[in-house]
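Coordinate analysis (summary)
If you want the building blocks of each chain, they are given just below.
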Amino acid sequence: MEPHDHESTHGAHDHPHAEPGASERPGYYDMMETALRELLIERKLVDPAEFRRQIEVLDSRTPALGAKVVARAWVDPAFRERLLANGRAACEECGISSYDETELIVLENTDKVHNLIVCTLCSCYPRPVLGLPPDWYKLKAYRSRAVIEPRTLLAEFGTVIPDSVEVRVSDSTALVRYLVLPKRPEGTEHFTEEELASLVTRDAMIGVIPVTANQGST
Amino acid sequence: MWGKDLRVIADKAGVVLALGEEPTFHEGDKVRVLNRSPIGHYRVPRYLRGKEALIESVIEPRALDNEEEAYGRNAGSKRHYYRIAVPMTEIWPNYAGSKNDGLRIEVFESWLERR
């Protein structure tokens, strides 16, 4: 396809795209990672199958797991209590193992408190229950602004928190991860647990948006 | 069991706890994050050093000191670990938002002093 065909079919979208997997030269850290991985395999310290297995572990963790946990907490008060008392144990109860040995504190949003999670030092994230973090979660702008001006940041996500509600930011530093338990939206009293889970998005479990009854995960 | 209860039960059993076995701080204690600047991989963000806080909870059980592990000491040392609460206005004097807004973070005992 000629470059101008791309332009004509996409209007103003005329910048060139790199083919996936055929992008620029690898960067410094890409090369370091490759070199280290090849050395570990060459010295038989790690089996290539172990790398592949770990990718399978990560791929099996998605926000759908967290959404199931949230929906269950909404319909089962006893589970909710166990979840708030010990997030890791309650998730393990649902078959969600803490493969990275991190503890989990579940933060409940209420009419009085809105929770937001961040890792200012790096990118600590509840991977066992949500999978990999979104790219913006790892950016310095998010990491610094979440603790400096959380209300302005939330407003940019469309989430305006009234002054009567406390904004509580949890900064993850080492051994503990957080999951936000959003408020159950009104008008969902007749929803099944599965229907409720379909409403719960990754961003709601990070705390940047609420869960709404008419907007589910895609 | 690593909070005040442990001492009560141990006392009843006539058991003497080792130094460091009990957490130094308990829920509600007033603390300050130490303002030190060691070289290396320390998991206390700079913006919190020297700030006043309250102990919200003791994270149980004691946690592996990853600040030591990061230096390859691999001593397996465990330290008490606390969730602390810091008002946003304590961190940022010009904080734009409700004075009730706050921050929560986990810190090793070696980074806290009583105030």
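The residue count restarts for each chain, going from 1 along the sequence in the order it is written. Here chains are named by letter from A upward and ligands by number from 1 upward, in the order in which they appear as written. This being a predicted model, a pLDDT of at least 70 is required before a residue's local features are given, and a value of 80 or more before pairs of side-chain atoms are given or counted; all residues contribute to the totals for chains, interfaces and linings.

1. Observations regarding the overall build of chain B
Only DSSP runs of H or I covering at least 4 residues are called helices, and only runs of E covering at least 2 are called strands; the numbering of each starts at the N terminus. Along chain B, the regular secondary structure elements total 3 helices and 5 strands. Beginning at the N terminus, the succession of helices and strands in chain B can be written as α-β-β-α-β-α-β-β. Here the C-alpha coordinates of chain B stretch approximately 55 × 35 × 20 Å along the principal axes. For every residue, the other C-beta atoms within 10 Å of its own C-beta are counted; 20 or more classify it as buried, 12 or fewer as exposed, and values in between as partly exposed. C-beta atoms are placed from the backbone. Relative to its 115 residues, chain B shows a buried fraction of 26%. Distance between backbone-placed C-beta atoms decides contact: two residues are in contact if it is within 7 Å. Of the contacts made within chain B by residues no fewer than 6 positions apart, 60% connect residues no fewer than 24 positions apart.

2. A word on the interface of chain B and chain A
In this assembly, 18 residues from chain B lie in contact with 18 residues from chain A. Broken down by secondary-structure element, the contributors of at least two residues to the side of chain B that touches chain A are β2 (52-64) and β4 (102-108) of chain B. When residues are grouped by polarity, Ala, Val, Leu, Ile, Met, Phe, Trp, Tyr, Cys and Pro land in nonpolar, Asp, Glu, Lys and Arg in charged, and all others, Gly among them, in polar. Its residues assigned to classes, the side of chain B that touches chain A shows 9 nonpolar, 5 polar and 4 charged. Whether two strands pair depends on DSSP finding at least two bridges between them. By the bridge criterion, 4 bridges tie strand β3 (residues 166-171) of chain A to β4 of chain B in an arrangement that is parallel. Residue pairing for β4 of chain B: Val169 of chain A is matched across the bridge by Leu103 of chain B.

3. With respect to the sheet that holds β4 of chain B
Across the sheet, 7 strands lie side by side as β2(A)-β3(A)-β4(B)-β3(B)-β2(B)-β1(B)-β5(B); this open sheet has mixed pairing. Each edge of the sheet is formed by a strand with only one pairing partner; in this case those strands are β2 (113-118) of chain A together with β5 (112-114) of chain B. Strand-to-strand twist across the sheet, computed as the mean angle between neighbouring axes with direction ignored, equals 35°. Where strand β1 (residues 30-33) of chain B and β2 of chain B come together, 3 bridges link them in antiparallel fashion. Looking at β2 of chain B, one finds that Val31 of chain B is bridged to Ala53 of chain B. Axis definition: a line fitted to C-alpha atoms, limited for helices to the stretch in contact. Angles are taken between N-to-C directions and run from 0 to 180 degrees.

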